[in-house]
Amino acid sequence: MSEVKLAASVRSEFGKGAARAIRRNAQVPAVVYGHGSEPVHITLPAHELGMALRTPNVLLSLDIDGTNELAIPKAVQRDAIKGFLVHVDLLLVKRGEKVTVEVPVQAEGELAAGGNLLEHVLSTLSVEAEATHLPEAVTVSVEGLEAGSSVLAKDITLPGGVTLVTDADAVVLQVLAAQAEEPAAEAEATEGAEA
């Protein structure tokens, strides 16, 4: 996992008007909190932050007016229509500290023949890992799984140093048999013959 360095500025103006002015200047309002310290309201460069947030559980190295802090994104708010960043909550972390994060589940491989469907019951897993070694995703092989098969959280191999927080018996993926639909003409003929 890589660290992304961002320059941050402490902000003193709050409210909708101030937040809109910050966003007009290609910045994003954010709050940094954790380790029992008072929350710090900052602004971050919108483009660089947007690029960093493309990586799940990215580790941010923030230069807040000359002070270096490590943080991970805790909550990201985007505009519902245009998708731009509205506000970000960041959690302070330290090297060696364990944190709990949500990690995306990715499936790879081909299901058994027969038109089976793969259902993602859980799209993420809660895991605990060192803040500087957070996995971006976990990959699960579904090669050859047949209808009725399922993958439980405990069946997923996690990277070293990562422990599962999600219930071990939770179903993550399951394979469903494709349901064939009766052609409409046949269904009507069958109903007419029965009457």
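See above for the structure.
Residues numbered from 1 in each chain as written. Predicted model: local features only at pLDDT ≥ 70, side-chain atom pairs only at ≥ 80, totals over all residues. Heavy atoms only, no water.

This next bit is on the sheet that holds strand β1 (residues 3-10). Strands sit in the order β1-β3-β2-β6-β5-β4 around a closed barrel of 6 strands; the barrel is mixed. The average angle at which neighbouring strand axes cross in this sheet is 45 degrees, direction not considered. (Pairing = 2+ DSSP bridges. Helix = DSSP H or I, 4+ residues; strand = E, 2+ residues; numbered from the N terminus. Axes fitted to C-alpha atoms, helices over the stretch in contact; angles between N-to-C directions.)

Bringing the environment of L145 into the picture now. Mapped onto the fold, L145 is located in the loop between β10 (138-141) and β11 (150-152). Sequence separation between L145 and L111 is 34 residues, and the spatial gap between their C-alpha atoms is 5.1 Å. In this structure L145 touches L111, A112, N116, V151 and V175, once residues within four positions along its chain are discounted. (Contact = heavy atoms within 4.5 Å.)

Its location among the elements puts L6 in strand β1. Separated by 133 residues in sequence, L6 and T139 have C-alpha atoms that sit 29 Å apart. Sequence-distant contacts of L6, that is, excluding residues within four places in its chain, are made with L44, P45, E48, L49, L60, S61, L62 and D63.

In this structure, I72, V93, V99, V101, L125, I156 and V172 are the most contacted members of the largest nonpolar core, which totals 23 residues. Elements with a contribution of two residues or more to this core: β5 (67-78), β6 (85-93), β7 (98-108), β9 (124-130), β10 and β13 (171-176). No other element matches the 4 residues that β7 contributes to this core. (Core = buried A, V, L, I, M, F, W, Y, C linked by side-chain atoms within 4.5 Å. Buried < 20%, exposed > 50% of the residue type's maximum accessible area, 1.4 Å probe, protein only.)

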